[in-house]
Amino acid sequence: MQPLEDDPLTNSLQSLPMAASVMRPQKQRISDSHPLAQSEASLPFRERKPNPSAASLFRSTLTPPGSRSGSPAPSLSGTRSPARVLSGSVFGGGALKQQSLLDTGAADNPGDPLNLILRSFVPHIAIHGSEDVDELVREKGFSGGLWELLRPFGERIQGKVNIRDSVGLSRLWDDFSVRFTRFGDGIEAPEPMTGSILRSPPGTANGSQVTLKGTDQLDSNTGSSLVADVEKVVDRHLSYAEDACMGNVSPTTPTRPGLDIDATSPYYALYLRRLLSGIPLAAHESFSHPVASVMAISSRNPSPIEALRKLYLETSQGEHRLPVWVDGEYLRYYVLVHDEEQSDITKSLALFDQMKRHFGLHCHLLRIRSSQSAETDDDSIPLPRSDWMSAAEELADIQKSEDEEDFEDLTRYIFESDATAIRTFIREMVTQSVIPTMERNISVWNDQVASRRKGLSGKLMSFGKRWGAFGGSSRNSVAGGSGSNYDMQGFYRPDTPEAIMRRLADFAFMLRDWKLAMSTYDLLRTDFQNDKAWRYHAAANEMAALALLIMPQNMSSKTRIETINQMLEQAFYSYHTRCNSLYGTIRCIILALELLRMRGGTGIDEAVRWGIRVLDARLMGPIGNALLKERMAVCYASKSGVGSQAWGSRRRKSAFWSVLSAEAWIARGKFIQAQKCLNDARRMYSLLPSECGVQKFAVASDFLAGLNERLKEGLRMSSDYQGQGMYDGEDGDILVGEEGEEGEVEEESENMDGNNHQPLHQRRNRRGSLTISAPANAGGGGGLETAPLTPLLPVKLHNVEDEGVRKDGFG
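In this text the structure is predicted, and so the values were computed from the model without any measurement.

Draft legend 1. Layout of the pattern of salt bridges. Counted according to the given criterion, the structure contains 35 salt bridges. Here Asp397 makes a salt bridge to Arg385, at a shortest N to O gap of 3.2 Å. Note that Asp397 is positioned in helix 10 (residues 391-403) and Arg385 in the loop between strand 12 (380-383) and helix 10, a separation of 12 residues in sequence. With relative accessibility at 17%, the residue Asp397 sits in the buried group. What makes Arg385 buried here is its relative accessible area of 15%. Here Asp522 makes a salt bridge to Arg525, at a shortest N to O gap of 2.8 Å. Separated by 3 residues within a single helix, Asp522 and Arg525 lie in helix 14 (residues 514-530), roughly one turn from each other. Looking at Asp522, the relative accessible area reads 32%, which means it is partly exposed. With a relative accessible area of 14%, Arg525 lands in the buried category. Taken together, the shared-partner salt bridges connect Glu285, Arg502, Asp506, Glu542 and Arg587 into one network.

Draft legend 2. Focus on the pairing of strand 1 (residues 124-129). For strand 1, the tally of buried residues reaches 5 of 6 residues, placing the bulk of the element in the interior. Examined bridge by bridge, strand 1 and strand 4 (residues 179-182) share 4 bridges and lie parallel to one another. For Ile125, the partnering residue across the bridge sits in strand 4 and is Phe180. Judged from the 6 bridges that link them, strand 1 and strand 9 (residues 290-298) form a sheet pairing that is parallel. Its bridge partner lying in strand 9, Ile127 is registered against Val294.

Draft legend 3. Region of interest: the environment of Thr420. Here Thr420 lies in helix 11 (residues 416-454). Exposure remark for Thr420: the relative accessible area of 40% places this residue in the partly exposed category. Sequence separation between Thr420 and Arg367 is 53 residues, and the spatial gap between their C-alpha atoms is 10.0 Å.

Draft legend 4. Looking closely at a negative patch on the surface. A cluster of like negative charges, contributed by Glu375, Asp403, Glu404, Glu405, Asp406, Glu408 and Asp409, occupies part of the molecular surface. As for its placement among the helices and strands, Glu375 is situated in the loop between strand 11 (363-368) and strand 12.

Draft legend 5. Spotlight on the side chain of His364. Within the secondary structure layout, His364 lies in strand 11. Classification of His364 by relative accessible area gives buried; the value is 9%. Of the polar contacts made by the side chain of His364, one reaches the side chain of Glu428; its length is 3.3 Å. The residues touching His364, leaving out its near neighbours within four places in the chain, are Tyr333, Tyr334, Val335, Leu336, Phe352, Phe425 and Glu428.

Draft legend 6. Representation of the packing of aromatic side chains. Taken as a whole and assessed by the stated rule, the structure comprises 15 aromatic pairs. With a centroid separation of 6.0 Å and 85° between ring planes, the pair formed by Tyr486 and Tyr536 is classed as edge-to-face. A residue pair is termed long-range when its members are at least 10 positions apart, and Tyr486 in the loop between helix 12 (456-467) and helix 13 (497-510) and Tyr536 in helix 15 (residues 534-550) qualify at 50 residues. Each member of the pair, Tyr486 as well as Tyr536, carries the same accessibility label: buried. Ring geometry for Phe509 against Trp514: centres 5.0 Å apart, planes inclined by 80°, an arrangement best described as edge-to-face. An aromatic cluster is present here, built from Phe121, Phe287, Phe509 and Trp514 joined pairwise through their rings. Lying across the ring of Phe415, Arg369 places its NZ or CZ 3.7 Å from the centre. In this arrangement the basic side chain of Arg613 is found over the ring face of Phe572, its NZ or CZ atom lying 4.5 Å from the centre.

Draft legend 7. Examining the packing of helix 17 (residues 582-599) against helix 19 (residues 622-637) more closely. For the pair helix 17 and helix 19, the least separation of the axes is 11 Å and the interaxial angle reads 20°. Judged by the inter-axis angle, helix 17 sits roughly parallel to helix 19. Every pair of crossing elements has a handedness; the one defined by helix 17 and helix 19 is left-handed. In contact with Ile590, Leu593, Glu594 and Arg597 of helix 17, helix 19 contributes Leu628, Arg631 and Cys635. The residue inventory of the contact of helix 17 with helix 19, partitioned by class, reads 4 nonpolar, no polar and 3 charged.

Draft legend 8. Quick peek at the sheet that holds strand 4. With respect to topology, 5 strands assemble into an open sheet ordered 4-1-9-10-11, the strand pairing being parallel. Because the sheet does not close on itself, it has two edges, and the strands there are strand 4 and strand 11. The sheet shows a mean angle of 30° between the axes of neighbouring strands, direction not considered. Pairing of strand 9 with strand 10 (residues 331-339) involves 7 bridges; the strand directions are parallel.

Draft legend 9. Geometry of the environment of Ile398. Along the chain, Ile398 falls in helix 10. Assessed through its relative accessible area of 0%, Ile398 is described here as buried. Sequence-distant contacts of Ile398, defined by excluding residues within four places in its chain, comprise Leu57, Phe58, Arg236 and His237.

Draft legend 10. Focus on the nonpolar core. Core analysis: the largest hydrophobic core is formed by 172 residues, its most contacted members being Leu114, Phe176, Phe180, Ile422 and Phe509. With 14 residues, the top contributor of residues to this core is helix 11.

Draft legend 11. Examining the packing of helix 14 against helix 15 more closely. At a minimum axis distance of 8 Å, the contact between helix 14 and helix 15 shows a crossing angle of 155°. Judged on the interaxial angle alone, helix 15 and helix 14 are roughly antiparallel. Of the two possible hands of crossing, helix 14 and helix 15 adopt the one that is left-handed. When helix 14 is examined against helix 15, the residues Trp514, Met518, Tyr521, Leu524, Arg525, Phe528 and Gln529 are found in contact with a partner set consisting of Trp534, Tyr536, His537, Ala540, Asn541, Met543, Ala544, Ala547, Leu548 and Ile550. Across the contact of helix 14 with helix 15, the residue classes break down as 13 nonpolar, 3 polar and 1 charged.

Draft legend 12. Expanded view of unusual backbone geometry. For Lys532, which is not a glycine, the phi torsion comes out positive at approximately 55°. Checked against the element boundaries, Lys532 lands in the loop between helix 14 and helix 15. Residue Asn580 is not a glycine yet carries a positive backbone phi of 55°. Mapped onto the elements, Asn580 comes out in the loop between helix 16 (557-578) and helix 17. What makes Asn580 exposed here is its relative accessible area of 60%.

Draft legend 13. Up close: helix 17. An ideal rise of 1.5 Å per residue puts 26 Å on 18 residues; helix 17 measures up with 26 Å between its terminal C-alpha atoms. Along helix 17, 17 of the 18 residues are buried, which leaves the element largely enclosed by surrounding structure. Looking at where helix 17 begins, the residue whose side-chain oxygen comes 3.2 Å from the main-chain nitrogen of Gly584 is Ser581. Once helix 17 ends, the next one or two residues include Gly600, with phi positive near 75°.

Draft legend 14. Region of interest: the side chain of Glu630. Assignment of secondary structure puts Glu630 in helix 19. Here Glu630 sits buried without a salt bridge, and the closest side chain of opposite charge, Lys676, lies 4.9 Å off (N-O distance).

Draft legend 15. Spotlight on helix 14. Helix length check: helix 14 (17 residues) gives 25 Å between terminal C-alpha atoms against 24 Å at 1.5 Å per residue, within 8%. Among the 17 residues of helix 14, 12 are classified as buried, and the element is accordingly described as predominantly covered. Every buried residue of helix 14 is accounted for by Trp514, Leu516, Ala517, Met518, Thr520, Tyr521, Leu523, Leu524, Arg525, Asp527, Phe528 and Asn530. Directly after helix 14, the chain includes Lys532, whose backbone phi takes a positive value near 55°.

Definitions and limits used
Counting of residues starts from 1 at the beginning of each chain's written sequence and follows it residue by residue. It should be noted that, the model being predicted, local features are given only for residues of pLDDT at least 70 and side-chain atom pairs only at 80 or more, the latter also being counted only at that level, while totals for whole chains, interfaces and linings use all residues. Derived side-chain values reflect all non-hydrogen atoms in the structure, with water molecules and hydrogen atoms excluded from consideration. Every case where a carboxyl oxygen of Asp or Glu lies within 4 Å of a side-chain nitrogen of Lys or Arg is listed as a salt bridge. Helix and strand assignments come from DSSP, with helices taken as H or I runs of at least 4 residues and strands as E runs of at least 2, each series counted from the N terminus. For each residue, the accessible area found with a 1.4 Å probe, counting protein chains only, is set against the maximum for its type, and the residue is called buried under 20%, exposed over 50%, and partly exposed in between. Strands are labelled as partners when DSSP assigns at least two bridges between them. Here a patch means residues that are over 30% exposed by relative accessible area and free of salt bridges, tied together within 9 Å if like-charged and within 5 Å if nonpolar (Val, Leu, Ile, Met, Phe, Trp, Tyr). Using a 1.4 Å probe, accessible areas were evaluated by the Shrake-Rupley method; residue-level cover was limited to the displayed protein chains. When charges are counted, neither His nor the chain ends are considered; positive counts come from Lys and Arg and negative counts from Asp and Glu. Charge coordinates come from a single atom per side chain, which is NZ of Lys, CZ of Arg, CG of Asp or CD of Glu. Residues adjacent in sequence count toward polar contacts only when both atoms are side-chain atoms; beyond that, a polar contact is any pair of N or O atoms within 3.5 Å, and within protein one must be able to donate a hydrogen and the other to accept it. We call two residues in contact whenever any of their non-hydrogen atoms come within 4.5 Å of each other. The criterion for an aromatic pair is that two Phe, Tyr or Trp rings (for Trp, the six-membered ring) have centres within 6.5 Å, with stacked assigned to planes under 30 degrees apart, edge-to-face to planes over 60 apart and tilted to the rest. Either the NZ atom of lysine or the CZ atom of arginine qualifies as a charge over a ring when it sits within 6 Å of the ring centre and within 35 degrees of the ring normal. Simply put, an axis is a line fit to the C-alpha atoms, just over the touching stretch for a helix, and the angle between two N-to-C directions goes from 0 to 180 degrees. An angle below 35 degrees is treated as roughly parallel, one above 145 as roughly antiparallel, one from 65 to 115 as roughly perpendicular, and anything else as oblique. Each crossing gets its handedness from the near helix: less than a right angle anticlockwise from the far helix is left-handed, clockwise is right-handed. Each residue is assigned to one class: nonpolar for Ala, Val, Leu, Ile, Met, Phe, Trp, Tyr, Cys and Pro, charged for Asp, Glu, Lys and Arg, and polar for all the others, Gly among them. Put simply, a nonpolar core is a bunch of buried Ala, Val, Leu, Ile, Met, Phe, Trp, Tyr and Cys residues held in one set by side-chain atoms that sit within 4.5 Å of each other. Each residue after the first adds 1.5 Å to the expected span of a helix.

Pasting the structure below:
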C-alpha cells in the first residue's frame, strides 16, 4: 500500500494546504441571523502561554496527515483513491462482500483508523545494548540511547516487503513497519484466577525474581491510567490549537467547516494512535512480546565477544529476563555499531567476521558518525519525532515545555549518511531475519499444533475438556482443573498449545494473513472459555472480530452480523464485567466501530449501536466522550441514501449526534470544536426537506437556541478576558481575515427578512450556505481536517438581539 499522490482527487487534497497558505484572507461581514456561520479558525484564548519552541510537540495535529512522513524513509508514490465507506452493504448481496478493507484505499490514508490498526499491530523488536553503545548514541544528542535513534526509522520500512502467507502466496507491501521498544518495557502482570488483581512486588514478575533496569512495571488495572493519559494528551493538543488560532502562538490550525467523512479528525486520530501505542506487554496477547531482540555493542568495547555473550545471558536467564509467560525463543540479532570518526574500520570488519562465526548470520555492521549533527550542517536532515510514542512520554514532554522557560525544540538532526545506514540496517534485519523467522514459526506451529487441534482428535479432546472426566458440565467444573493448561496465576506457559496457537494467530495478524488469524482465534475462543481464562477469551474474541471485518469472505448479511456481534458481545462482557479492563474494552469496541463503519450498509447502524454501548457504560473520559459522539455523527453521515431524496440516509441522526457532541465540547470549554459541530448539524439539517427541520419541535428548537447562546457567551467571555477588541465598529459584525490588504473583499450582511417570499427550504439552504466553505478545489467531502500553519486574527461573536424570531440556521 502506498501514499496517495497520483490520484487526481488526492492531488487536490494534498495541494489544499499550500494553496490556502498563499491565499489572502478576505474580510467578510456575516449577518446577525447567523451567529455560528463563521470561520472556524478562531479558538478561545487561554491564560497559559505555550512556549513557541513547543510547536514540534503538537505536530501530529498541527499539520495534515498526508503532508508529513512518520518515518525518515522516503515516501513512495501510489495510485489508490482516498478512503471512503463502501458504497453498498457488504453484508448484503453483490460483489462488494468479496472485498477486503485493504482494497478500499483506507489503509493508505494517514490518520485513517484502518491505517492506524495496521501500523499498531506490528512486530515488536526489543533493543538491549551495552553501555558503550548507548554512550556513543548519547554523544549524537539522543539521550534515550540506541532505542531512541532507531525508533522513528521503524515506522516505515524502506522499499517493498515481500510476505508469504500460510498457503505460500506472496504479496508485496510498501507500508510495512516494526516497533522498536526498550527491552522489558511496559510489562503488565496477569490477573490470577481468584479474580483479584495480581500485584507483583517490586522487582518481581509472577513470583520469579526479575530486575527490569530502566523499565516500567505495570499491573493489570493500569489500563485506566493509560486511558487517562490519552485524554490528557488530546486535551493539551486541543488547548494548544485554541491558543494558536487566537494568535497567541504560531502556527495555527484552522479547520474546514462541514462534516468530513473522508479525512479523520486529527484529534480523534491522535486519540486512537496514543491508545494503540499503549499496548502493554501482557500475558493474554503476544503483540507486544518481542519477535526479535537487538543485541548491540560498539567498536569502542574492549571485549566485544564477551559483551555480546553477557547481553544474551542477561536476557535469557539473568536479571533482565522477561516473565515466565513470555516465550524466550525469540530471534537474537547482533549489531556492531562502528564509530566512523574514532574507530578503525579494519578492526571493526575483523571483529564483525568473528561475530558471524560465533553467532551466525543474524549480524550487522552499522557504521555511523559519533559527532552530533546540527541544523546548519550541509548533510544534516531532521529526524521526526515518533508518531507512536506512549501517551505518558508525550505528556511528560508537554509538561516540561510548559514548566521550563528556556525549553528547546526537541527536533533532532542526523547526518544523511547515518540515516542511509540505519535504513539499510533495518530493512536487512526485517526482510532477511525477522519476517523469515516469523513465517517459519507460523508454518511449524500451524502444522504441529493448529492442524491437530482442527482435526477429529483435537475436537474430541476439546469435547472431553468441556464435559470433564465424569460427564459433568463445564459450569460445574473448577477453572484451571487437572485437564487445563491454565496456570493458577492467570496465564498459559509459553510451551502450552494454547499459548503457541495464540502466538500463531498474532503472528498471522501482524503479517496480514487474515484468514489464518481468524480461524486460529476462532479455535482459541472455545478453549479459553472452557478454561475460564476470561482475559484470554476477551482478547481472542476481539481479534477474531477485527480479522473477520478486514478479510473478504462469502457470508450472508444475517450470518455475518450475528457472528461479529456475538464475538464483540463476548469480548465486551469479558473485558468489562469479568476482568474490569478499561483499556481492553475501549480498544475492542472503538476499533470494531471503525471497521463496521467502513463496511457500510447495516454495518453503520451496528457501529453506532456499539458506540452507544460505550457511552452508556461511561468508559471514556469527557474528551473521548465528545470525540466518540463526533465520530458517530460521521458514521451516520457516511450512509448514503437512494434516489434524489436520499431515502435510507441518516442525515437527521447525524445532525443529532453533532448537536450532542457540541454540547459535550461546550461543557469542556472547547467552544470552537462545539461551533464546528453545530455547523455540521446545520449543514445536515439544510439537506433535509423543509418539513423535516426542527422548527416545528419546540423542545428541540429551545435546546438548540440555548446551546447557541452558551456557545456565544463562552466565546465572548474568552475573548473579553484577554481584552482584545474584535468588534467592528458599532454594529459588532464579525470580521474574518486581515484588514488593510490589497484587494480585500467586503460583503455586506443580507437582510434575510427580505427573502420571506422564498420557500422555507430555500431560505434554510441559503443560511446553510453562508458558512465559510472550503476552496472549490477541495474535492467535495475530501477536504483536510487541518490547514497550513498560517496565523490568523482573532474572531469574536457579536451580540444578537432577540427579535422574536429564532434565526439559528437549524430550520
